[in-house]
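As a plain string of letters, each chain reads:
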Amino acid sequence: MILYHTSDKIIESPDIKFSRTYLDFGKGFYTTPNQSQAEKYAKRFFKEGRQAYLNIYEFNDNQNSFSRKIFEAYDGEWLDYVVQCRQDKHHLLYDIVEGGIADDDVFNTLDLYMDELIT
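In what follows, the accompanying structure is described. (Residues numbered from 1 in each chain as written. Predicted model: local features only at pLDDT ≥ 70, side-chain atom pairs only at ≥ 80, totals over all residues. Heavy atoms only, no water.)

This next bit is on helix α1 (residues 35–47). Relative to the 18 Å expected for 13 residues at 1.5 Å per residue, α1 spans 19 Å between its end C-alpha atoms, a close match to the ideal helical length. Those residues of α1 that sit buried are A38, A42 and F45. The buried residues of α1 occupy one face: seen down the axis, they fall within an arc of 50 degrees. Pointing more than 90 degrees away from the buried face of α1 are the exposed residues K40, K43 and K47. (Helix = DSSP H or I, 4+ residues; strand = E, 2+ residues; numbered from the N terminus. Expected span 1.5 Å × (residues − 1). Buried < 20%, exposed > 50% of the residue type's maximum accessible area, 1.4 Å probe, protein only. Arc of directions from axis to C-beta.)

Dropping the structure here:
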């Protein structure tokens, strides 16, 4: 499987040291199998006047040694996990987490939920 990661630097191999905390799935190295999504993300760097690099990796998806969580939908389970990760209180750690991340619309709703303004 080919995976893409957009960054302001060339990253030879995935490394968690490049991650920030309080992200949707916690501290980790975020990739996508969707090249156009990665290229779209690069535009954010360009808008900030920064260089952008599309890092490309080949990943053997058949390895069974990884603990894995797959979120099929933006549902209650996904929401609870993301809230815990964004508050750095997640208690379920996985080697690989797959699923959608919050776009601008979802992010606004997530903030309202975290502030307990909606249930």
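The next point concerns the nonpolar core. Membership of the largest hydrophobic core is limited to nine residues, which are F25, F71, W78, Y81, V82, V83, C85, A102 and L110. Per element, the largest residue contribution to this core is five residues, and it comes from helix α2 (residues 76–86). Non-local contacts of V82, meaning those with residues more than four positions away in its chain, are made with D24, F25 and L110. (Core = buried A, V, L, I, M, F, W, Y, C linked by side-chain atoms within 4.5 Å. Contact = heavy atoms within 4.5 Å.)

The next point concerns a positive patch on the surface. Taken together, the side chains of K40, K43, R44 and K47 present a region of like positive charge at the surface. Among the structural elements, R44 can be located in helix α1. (Patch = residues over 30% accessible without salt bridge, like charges linked within 9 Å, V, L, I, M, F, W, Y side chains within 5 Å. Areas by Shrake-Rupley, 256 points an atom, 1.4 Å probe, with all protein chains shown as cover. Salt bridge = Lys/Arg side-chain N within 4 Å of Asp/Glu carboxyl O. Lys, Arg positive; Asp, Glu negative; His and termini not counted. Charge placed at Lys NZ, Arg CZ, Asp CG, Glu CD.)

The subject of this paragraph is the environment of S36. With respect to the secondary-structure elements, S36 resides in helix α1. Taking C-alpha positions, S36 is 9.4 Å from Y4, a pair spaced 32 residues apart along the chain.

All right, on to the pairing of strand β1 (residues 2–7) then. Of all six residues in β1, five are buried; the element is thus mostly enclosed. As paired elements, β1 and strand β2 (residues 53–58) share six bridges and run antiparallel to each other. Bridging from a neighbouring strand, S7 pairs with Y53 of β2. (Pairing = 2+ DSSP bridges.)

Everything listed here is a matter of geometry and, on its own, says nothing about what the molecule does.
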